Structure formats: C-alpha cells, structure tokens
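Fold and geometry: a report
Each chain is listed here by its residues.
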Amino acid sequence: MTISSSSDDRAFTADRRLFLKRGLQLGGAVLLGGPLLAACGDSDSSSSASSSSSGSKGFGELTLRLSWIKNVEFAGSYIADSKGYYTDEGFSKATLIGGGPSATPMETDVVTKKALVAISAPDITGAAVSKGAPLKIIGAQYQKNPFCIMSMAKDPITKPEDMYGKKIGVQASNESVWAAYLKATGLDGSKITKVPVQFDPLPLTQGTVDGWFSFATNEPNTLRLKGFKVATMLLADTGYPLVSETYIVRQDTIDKQRDLLKAFLRAEIKGWKASVADPALGAKLAAETYGKGLGLTTKEQTLESADQNKLIVSADTKKNGLFTITPELIEENIKTLKYGGLDITAAKLFDLSIIEEIYKENPSLI
C-alpha cells in the first residue's frame, strides 16, 4: 500500500524510520570499515552566542552530532546553545551537526572523532559495540522509546491483547521492532493481521487498518492537527522498555576527558530543564532558527515538544535528575535488546558514572 505524503514533515518522518533501520544494519560494519566522513544531509553547524566566560576553562569547540534533522527533538541543545550554557561551561563554541537520511551513522562520527558526542539509541550503538566500536552510552534523554501503536479514539487499542483480531499497519523499516515486540510481550502474531504500509497514517482514519505503528511524538500530532482524535499505546509501557536519544562517546573520552564531559552534560541539563518547563521555547528555535528551511511549524513542533517531555521526565528522573538511568531500567533494556537479537552486557554498553557524579557534585541541578 503506497500513500503519498501531504507534507514535508511526513516525508522527513518516513525517511527517519528508514534511516534508523539503515543505522542499525550498517552501524558496526561501517564503523569497522574505515573513517567514513561523508557530509551530513543538513547544514552542519550552529555557533553558540558569545559569553563573558567563553572558553575560560579551555575546552575548545564542542561538536555534537544529532541523530536527525534539526527539529524539536534537540530542543534542549538549541536552548543550551542560544543561551550560552555551553560557553558558560568553558567551550569556545558549539557546533551542532545535523543528521538525516544521507548522513553517516552517528557512531561513525564519534569513532572517527568528527564529533565529540552523538545522540543515538541503544540498539544502534549496541550493534556497533558488538562489532568492536569503542563506545559507551553515558546518559539518556528519553526514559522511554517513542514507538507506539496509534488507533482512533473511538476504538482505542490500550493493551497488547486489544490487537487480536485487528489489522495493524507496520512499515517495512519497523518490522524488526514489531517482531521483537511480539516476542517481548508473548503475543500470538497469528491472531493479528499485519498490513504493510508506508508512513502517511491516512489509512487509519479511513478504517483500512485498526492500528498504526508510529512515533508517539510524530504521526499522532499530524492527525490531531487535522482534527482527528487518536489514542496511543506506548511499546515502552507494554513490555518493550528501551531508552532513546542516548548520549554516546568514545571510551577514551570517558577515561581522559571527564571534566569536559561533565561540562557538556551540565549545559545539556540546563537546556533540557528549560525545554521541559516551556515546550514552546525549543519549538520556536527549531522552526525559526536551527531548523529554518525544513518546513517546520512552531505549532506542530510545540506539540511534539510537549509529547517528548512525557518521555524525558519520569518519577526516577524527578528523583535522580535528567539523563540518569536506574540499574533496573538498564537491565530491562538489556533484556529488550536480546529480543531483537542483540546479546550484550550492561557494562559493555552503559557507563552512567559521569552523570551520577554530576548530580552528586551539583544536587541543585536535579
């Protein structure tokens, strides 16, 4: 079933899903194949505003590779940049490197030192680490991954078993996550009709399918802005816990530049706290400054910002601070990765010591 997209934003969403699949499949192989420094799909950089304390700690330029185009997903970084939080922490300037369907994998840019830090996801980074990439996850923006099953509010899917006897639209690039979700929940796939679809969720509104595999921050808001009432069931809440928008760095950066990483994370914490407090702040920066020219609207980006805050803030982060991951959640992530065929230990993939030290040294940041 092929359905044309009605907006640039939908086209970007489609490409992102394909990009994530490409990253997971090629991450390790590309990383070990040599230094591939192909140009990113979007404009590469944005320099931070000057500050009276700019570069005072001598960290030099900060290079942060984003996992996608410069939309509101990275609101906290835009705020940190525009308000001078990076320069306050001792960086001479910040360069935010945009991603996109033509960009090299995030892991490649960190391994080859094109970027100091990158935003990625445990499955993509784990695949690279399993093939020898010297990387670690040092924090997570999203405590829950954004994958969900969207349905019409008049006939909502609120638990996995509600999909029995129904038609669920699943994109080709999401097949692996769908299969892993069935294993994780113990669902009988034979009782669910999986319908191959593209990315425009129009068939859901027409009754062609009963459920739609999507990102909770994207497709649901597209339909809501068109006047449709929809419901969402997060995979993370129903048997598929996996953090997302994770910070990844090289192991030797952890070993030799801990103060630099602490400075970076402190600036990010300040930026994301501001974004959580005011979803419109980063949305406006995404639509009018950092993502200018991408066809983004402040209205839609604000809705997405508010929705992603629900993934960022949890009872645990309220207690322990943004980007922290509890030992229990890490173990749940490791189990989830195994359902997708990735067998890796927590110690090999995660190092939360830096973020823990930050909050121990600066409890006011919580």
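Anything mentioned here points back to the structure above.
Let us look at the structure shown here.

What counts as what
Residues numbered from 1 in each chain as written. Predicted model: local features only at pLDDT ≥ 70, side-chain atom pairs only at ≥ 80, totals over all residues. Heavy atoms only, no water. Patch = residues over 30% accessible without salt bridge, like charges linked within 9 Å, V, L, I, M, F, W, Y side chains within 5 Å. Areas by Shrake-Rupley, 256 points an atom, 1.4 Å probe, with all protein chains shown as cover. Salt bridge = Lys/Arg side-chain N within 4 Å of Asp/Glu carboxyl O. Lys, Arg positive; Asp, Glu negative; His and termini not counted. Charge placed at Lys NZ, Arg CZ, Asp CG, Glu CD. Helix = DSSP H or I, 4+ residues; strand = E, 2+ residues; numbered from the N terminus. Buried < 20%, exposed > 50% of the residue type's maximum accessible area, 1.4 Å probe, protein only. Pairing = 2+ DSSP bridges. Axes fitted to C-alpha atoms, helices over the stretch in contact; angles between N-to-C directions. Phe/Tyr/Trp six-rings, centres within 6.5 Å; stacked < 30°, edge-to-face > 60°. Contact = heavy atoms within 4.5 Å.

**Here we look at a negative patch on the surface**
Negative charge collects at one region of the surface, where Asp-316, Glu-328, Glu-331 and Glu-332 lie side by side. Element by element, the count of residues in the negative patch is highest for helix H14 (residues 327-339), at 3 residues. The residue Asp-316 is located in helix H13 (residues 315-320) in this model.

**Overview of the pattern of salt bridges**
Under the counting rule described, the total for this entry stands at 15 salt bridges. Of the charged contacts, one joins Arg-224 and Asp-307 as a salt bridge, the two residues approaching to 3.7 Å between their closest N and O atoms. Of the two residues, Arg-224 sits in helix H8 (residues 219-225) while Asp-307 sits in helix H12 (residues 298-312), which places them 83 residues apart along the sequence. Between Asp-252 and Arg-250 there is a salt bridge whose closest N-O contact spans 3.0 Å. A residue is classified by how much of its surface remains accessible, and Asp-252, at 25% relative accessible area, is partly exposed. Look at Arg-250 and you get buried, because its relative accessible area is 16%. Through salt bridges with shared partners, a single network forms among Arg-258, Lys-262, Glu-357 and Glu-361.

**Here we look at the pairing of strand S10 (residues 244-250)**
Counting buried residues in S10 gives 7 out of 7 residues, a clear majority hidden from the surface. Looking at chain direction, strand S3 (residues 117-120) and S10 are connected through 3 bridges and run antiparallel. Its bridge partner being in S10, Ala-118 is matched across the sheet by Ile-248. Of the pairings in the sheet, the one linking strand S4 (residues 135-142) to S10 comprises 6 bridges and is antiparallel in character. Paired with Tyr-142 across the bridge in S10 is Ser-244.

**Focus: the sheet that holds strand S5 (residues 147-152)**
The sheet built from 5 strands is open, its strands ordered S7-S6-S8-S5-S9 with mixed pairing. Looking at strand neighbours, the two that pair on one side only are strand S7 (193-197) and strand S9 (230-234), the edges of this open sheet. Taken pair by pair, the neighbouring strands of this sheet meet at an average axis angle of 35 degrees, ignoring direction. Strand direction decides the pairing type here: S5 and strand S8 (residues 211-215), joined by 4 bridges, are antiparallel.

**Focus on the sheet that holds strand S2 (residues 91-97)**
Working definition: the strands of a sheet are paired by backbone hydrogen bonds and lie parallel or antiparallel to each other. Across the sheet, 5 strands lie side by side as S2-S1-S3-S10-S4; this open sheet has mixed pairing. Sheet topology places S2 and S4 at the edges, where each strand pairs with a single neighbour. Strand-to-strand twist of the sheet, defined as the mean angle between neighbouring strand axes without regard to direction, takes the value 25 degrees.

**With respect to the packing of aromatic side chains**
Throughout the structure, instances matching the rule amount to 9 aromatic pairs. Consider the rings of Phe-59 and Phe-91, whose centres lie 5.4 Å apart with planes at 40 degrees: the pair is tilted. Pair noted here: Phe-59 is in the loop between helix H1 (8-32) and strand S1 (60-65) and Phe-91 is in strand S2, with a separation of 32 residues, a long-range link. Judged by relative accessible area, Phe-59 falls into the partly exposed class, the value being 22%. A ring pair is formed by Tyr-181 and Tyr-240, whose centres lie 6.4 Å apart and whose planes are at 80 degrees; its orientation type is edge-to-face.

**What about helix H5 (residues 122-129)?**
For H5, the tally of buried residues reaches 8 of 8 residues, placing the bulk of the element in the interior. Along H5, the positions that sit buried rather than exposed are Pro-122, Asp-123, Ile-124, Thr-125, Gly-126, Ala-127, Ala-128 and Val-129.

**Section: the side chain of Ser-275**
Relative to the helices and strands, Ser-275 resides in helix H10 (residues 258-277). Once residues within four sequence positions are removed from consideration, Ser-275 is found in contact with Ala-75, Gly-76, Ile-79, Ser-305 and Asn-309.

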